[in-house]
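Chain by chain, the residues:
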Amino acid sequence: MDNLSDTLKKLKITAVDRTEDSLEGCLDCLLQALAQNNMETSEKIQGSGILQLFASLLIPQSSCTAKVANIIAEVAKNEFMRIPCVDAGLISPLVQLLNSKDQEVLLQTGRALGNICYDSHSLQAQLINMGVIPTLVKLLGIHCQNAALTEMCLVAFGNLAELESSKEQFASTNIAEELVKLFKKQIEHDKREMIFEVLAPLAENDAIKLQLVEAGLVECLLEIVQQKVDSDKEDDIAELKTASDLMVLLLLGDESMQKLFEGGKGNVFQRVLSWIPSNNHQLQLAGALAIANFARNDGNCIHMVDNGIVEKLMDLLDRHVEDGNVTVQHAALSALRNLAIPVVNKAKMLSAGVTEAVLKFLKSEMPPVQFKLLGTLRMLIDAQAEAAEQLGKNVKLVERLVEWCEAKDHAGVMGESNRLLSALIRHSKSKDVIKTIVQSGGVKHLVTMATSEHVIMQNEALVALALIAALELGTAEKDLESAKLVQILHRLLEDERSAPEIKYNSMVLICALMGSESLHKEVQDLAFLDVVSKLRSHENKSVAQQASLTEQRLTVDS
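Predicted model only: the values in this text are computed from it and were never measured. (Residues numbered from 1 in each chain as written. Predicted model: local features only at pLDDT ≥ 70, side-chain atom pairs only at ≥ 80, totals over all residues. Heavy atoms only, no water.)

**Some thoughts on the overall build of the protein chain**
Rule in force here: Where helices and strands are cited, they refer to DSSP runs of H or I of at least four residues and of E of at least two residues respectively, numbered from the N terminus. Radius of gyration: C-alpha atoms only; globule rule: 2.2 Å multiplied by the number of residues to the exponent 0.38. Burial classification: accessible surface area is computed with a 1.4 Å probe over protein chains only, and a residue below 20% of its type maximum counts as buried, one above 50% as exposed, and the rest as partly exposed. Contacts were defined at the residue level, with two residues in contact if any of their heavy atoms lie within 4.5 Å. Here the Shrake-Rupley method, with its probe set to 1.4 Å, supplies the accessible areas, and only the displayed protein chains count as covering residues. Positive: Lys, Arg. Negative: Asp, Glu. His and the chain ends are not part of the count. All charge positions are set by atom: Lys at NZ, Arg at CZ, Asp at CG, Glu at CD.
Helices and strands together make up the secondary structure of the protein chain, namely 37 helices and zero strands. Computed over the C-alpha atoms, the radius of gyration of the protein chain is 34 Å, more than 25% above the 24 Å expected from 2.2 N^0.38 for a compact globule of 558 residues. Taken across its 558 residues, the protein chain has 55% of its residues classed as buried. For the protein chain, the share of sequence-separated contacts (at least 6 apart) that also reach a separation of at least 24 residues comes to 71%. Of the roughly 25,100 Å² of accessible surface on the protein chain, a fraction of 50% belongs to carbon and sulfur atoms. Positive and negative charge centroids in the protein chain, built from 54 and 75 side chains respectively, lie 3 Å apart.

This is the structure:
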């Protein structure tokens, strides 16, 4: 290592004199020492103060530039050397060198920047601000025949694409076109995987999704699926998953999704449809998720239901009832839920037997499946009185809902169960449904729901409770009392933060409760008249009118 000290001293002198031959000799010695013991050599380099001189050696016209950049790349493999490299002012001259025509200089410069900024979001952000993204995209286009340079660009893109700030810059280049062009040429699994690792974070951006679709990425992905679907090789299975996942990701953008749907006639849409009946779980999953993504507007949903998608999804669910694949169940239910949103689809889906298909999963213990099951049923019965009545009289379903209303660990399942209980009453307006819910212990949950932080849920609860009070007050009286409904209504009316519709529906409910002797007494004891008379001057006309009516009712009955 004494030789190394001599080399470093000599390098200091030759760096100033700029005698290229002796400079080159010193650099070769350093590279040799780094190859033998990188860490120890790096420590010596740091101690010698030579890093500061490197900034002046990084000049385009010098024959030593590539070697200097290579040394920086090697020392920056050590974490302790990265900050010293930054402090020595090496980033700016290295970024300048990305405009070089020399492929070796480009390669070593890219490595040096990559190693210095490795794992540092702040340094990577600095590179983005210095405009490296458009430069690297251009390099990829020019040097696509150079495997090492291509790989350097892909590694850089993979790191930079993780940063949100990079997406806009990437979107303003032709990165999509370059990556798809490169992808089409790759045969090796490892190379394609590298490109996938760049595509996945980039495809999270909606503008880039559309660019990738327009550049023909989808066709490449479909081809991979076709080639790999029957293989049991580990690499092929992994690539099939990556390709189909990326396909689903591209459909998350509204424009890219609509472009691929092509009015339901598109080749891509048809191919994705064929995945659903496949025997490959990954493809079934991707197919169902793709349908859920296509089903994001009414036009697409109506077209798909009219063309038999519901039967395909029900067949898929049927294959996963006993010990089924949870992710496939979840995806198929998501698709059905979205398809049930347009009014015209509800009756068609009900008559196709979707509720029966969905109810088979009532025994599922998986919260994601429970959540989607509840959402699908709630969408299906919206304004469908007969279906709401049929489901509301289903004791097994109602008992399961009441059980899930207590699923404190799963807020989503708890919220959806409450909303479905309320929906069964609101859409059926049926005494039998109310009796079933009362007998199953559902009333207390609707009262709790009236205190939810979400106005829409509060409102749904109050409307359902008003229907209970109007149609089956005698049956529900005890439960309403023990759930402290009257006190809760008093709080809602007093609270200035309560939305106008909450105040309005609370007063409607108070009037409906007056038919019960015990609840009537609770209303009188809590001096509701004071709160209600204040609301007569409320800025919302409906609230003010309801306050006058409620005040009259309270006065007459007192």
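**Examining the UniProt feature "repeat: ARM" (unreviewed entry) in the protein chain**
Put simply, the rule is: UniProt positions are given in the numbering used here, feature names are shortened, and annotations may be inferred rather than shown by experiment.
Per the UniProt record, the feature "repeat: ARM" (unreviewed entry) sits at residues 89-131 and 308-340. The annotated region residues 89-131 carries 70% helix and 0% strand content, and the separation between its end C-alpha atoms amounts to 17 Å. Along residues 308-340 one finds 73% helix and 0% strand; the C-alpha atoms at either end are 14 Å apart.

**A few points about the packing of aromatic side chains**
In plain terms, the rule: Here the aromatic set is Phe, Tyr and Trp, taking the six-membered ring for Trp, and pairing holds for ring centres within 6.5 Å; pairs whose planes are under 30 degrees apart are stacked, those over 60 apart are edge-to-face, and all others are tilted.
Counted under the stated rule, the structure contains five aromatic pairs. Geometrically, the ring pair formed by Phe157 and Phe170 is edge-to-face, given 5.6 Å between the ring centres and 80 degrees between the ring planes. Placement of the pair is Phe157 in helix H11 (residues 147-160) and Phe170 in helix H12 (residues 164-171), with a sequence separation of 13 residues. Considered together, Phe157 and Phe170 belong to a single accessibility category, that of buried residues.

**Points about the side chain of Gln546**
Checked against the element boundaries, Gln546 lands in helix H37 (residues 541-557). In this structure Gln546 touches Tyr504, Met507, Val508 and Cys511, once residues within four positions along its chain are discounted.

**Quick notes on the side chain of His143**
Along the chain, the position of His143 falls in the loop between helix H10 (132-142) and H11. If we ignore the near neighbours within four places in the chain, the residues touching His143 are Lys101, Gln103, Leu106, Leu149 and Thr150.

**Thoughts on helix H14 (residues 189-202)**
In an α-helix, one turn spans 3.6 residues, which is why side chains three or four residues apart end up on the same side. Just so we agree on the cut-off: By this rule the span expected of a helix is its residue count minus one, scaled by 1.5 Å.
Over its 14 residues, H14 runs 20 Å from end to end, which matches the ideal 20 Å to within 8%, given 1.5 Å per residue. Buried residues of H14: His189, Arg192, Ile195, Phe196, Val198, Leu199, Pro201 and Leu202, and no others. Buried residues in H14 make contact with H11, H12, helix H13 (175-185), helix H15 (206-214), helix H16 (217-228) and helix H17 (234-250).

**Looking at the state of the cysteines**
Just so we agree on the cut-off: Count a disulfide wherever a pair of cysteine sulfur atoms falls within 2.5 Å.
By the definition in use, this model includes zero disulfides. In this structure Cys85 is not part of a disulfide, and its nearest cysteine sulfur, from Cys117, lies 9.9 Å away.

**Regarding helix H28 (residues 395-404)**
Quick reminder of the rule: Whenever a nitrogen or oxygen atom comes within 3.5 Å of another N or O atom, the pair is scored as a polar contact, on the condition that within protein one atom can donate a hydrogen and the other can accept it, and that pairs from neighbouring residues in sequence are kept only if both atoms are in side chains.
Taken as a whole, H28 has its buried residues at Leu397, Val398, Arg400, Leu401, Val402 and Trp404. Buried residues belonging to H28 abut helix H25 (354-359), helix H26 (367-381), helix H27 (385-392), helix H29 (411-428), helix H30 (431-439) and helix H31 (443-449). The opening residue of H28 is Asn394, an N-cap whose side-chain oxygen sits 3.2 Å from the backbone nitrogen of Lys396.

**Observations concerning the nonpolar core**
Just so we agree on the cut-off: Side-chain atoms within 4.5 Å link the members of a nonpolar core, which is a set of buried Ala, Val, Leu, Ile, Met, Phe, Trp, Tyr and Cys residues.
Membership of the largest hydrophobic core comes to 202 residues, with the highest contact counts inside it found for Phe54 and Ile291. Here the element with the most residues in this core is helix H32 (residues 455-482); it accounts for twelve residues.

**As for the environment of Phe80**
Within the secondary structure layout, Phe80 lies in helix H6 (residues 79-87). You can call Phe80 partly exposed: its relative accessible area is 31%. Through-space distance from the C-alpha of Phe80 to that of Met39 is 9.5 Å; in sequence the pair is 41 residues apart. What Phe80 contacts, discounting residues up to four positions off in sequence, is Met39, Ser42, Glu43 and Gln46.

**Side note on the layout of surface pockets**
Empty space among the atoms becomes visible once a probe the size of a water molecule is rolled across them. Heads up, the condition is: Here a cavity means grid points, on a 1 Å grid over the protein atoms only, where a 1.4 Å probe fits yet cannot get out; a pocket means an open set of points with protein on both sides within 12 Å along at least five of seven lines; lining residues are those with an atom within 4 Å of a point. Grid points are joined across faces, edges and corners, and a volume is the space filled by probe spheres set on the points.
Computed from the structure, the largest pocket encloses a volume of approximately 390 Å³. The wall of the largest pocket is formed by 19 residues, among which Ala411, Met414, Gly415, Asn418 and Met457 lie closest to the centre. For the lining of the largest pocket, the secondary-structure elements that each account for two or more residues are H29 and H31. A total of seven residues in the lining of the largest pocket trace back to one element, the largest contributor, which is H29. Estimated volume of the second largest pocket: approximately 340 Å³. Surrounding the second largest pocket, 21 residues form its lining, Gly110, Leu113, Gly114, Val155 and Ala156 being those nearest its centre.

**What to know about unusual backbone geometry**
A positive phi angle, near 65 degrees, is found at Asp119, a position not held by glycine. Judged by relative accessible area, Asp119 falls into the exposed class, the value being 66%. For Glu262, which is not glycine, the phi dihedral falls at a positive 45 degrees. By the element assignment, Glu262 lies in the loop between helix H18 (254-261) and helix H19 (267-275).

**Let's talk about the packing of H16 against H19**
Using the following cut-off: Axis geometry follows a simple rule: fit a line to the C-alpha atoms, using only the stretch in contact for helices, then measure angles between N-to-C directions, giving values from 0 to 180 degrees. Roughly parallel here means an angle under 35 degrees, roughly antiparallel means over 145, roughly perpendicular means 65 to 115, and every remaining angle is called oblique. Each crossing is labelled by how the near helix is turned from the far one, with a counterclockwise turn of less than a right angle marking it left-handed and a clockwise turn marking it right-handed.
It is the contact of H16 with H19, at a shortest axis distance of 11 Å, that shows an interaxial angle of 30 degrees. Here H19 runs roughly parallel to H16, going by the angle between their axes. The handedness of the crossing between H16 and H19 is left-handed. Seen from H16, the contacting residues are Val218, Leu222, Glu223, Val225 and Gln226; seen from H19, they are Val268, Arg271 and Trp275.

**With respect to a negative patch on the surface**
Put simply, the test is: Note on patches: the residues involved have over 30% relative accessible area and no salt bridge, like charges join within 9 Å, and the nonpolar side chains Val, Leu, Ile, Met, Phe, Trp and Tyr join within 5 Å. Counted as salt bridges are all cases of a side-chain nitrogen of Lys or Arg within 4 Å of a carboxyl oxygen of Asp or Glu.
Negative charge collects at one region of the surface, where Asp190, Glu193, Glu197, Glu234 and Asp235 lie side by side. Broken down by secondary-structure element, the contributors of at least two residues to the negative patch are H14 and H17. Tallying contributions element by element places H14 first for the negative patch, with three residues. Counting through the fold element by element, Glu197 comes out in helix H14.

**Here's the deal with the environment of Ser537**
The topology assignment puts Ser537 in the loop between helix H36 (528-534) and H37. We classify Ser537 as exposed; its relative accessible area is 64%. Measuring from C-alpha to C-alpha, the distance between Ser537 and Val508 comes to 17 Å, with 29 residues separating the pair along the chain. Looking at Ser537, its side chain comes within polar contact range of the main-chain oxygen of Lys534, at 3.1 Å.

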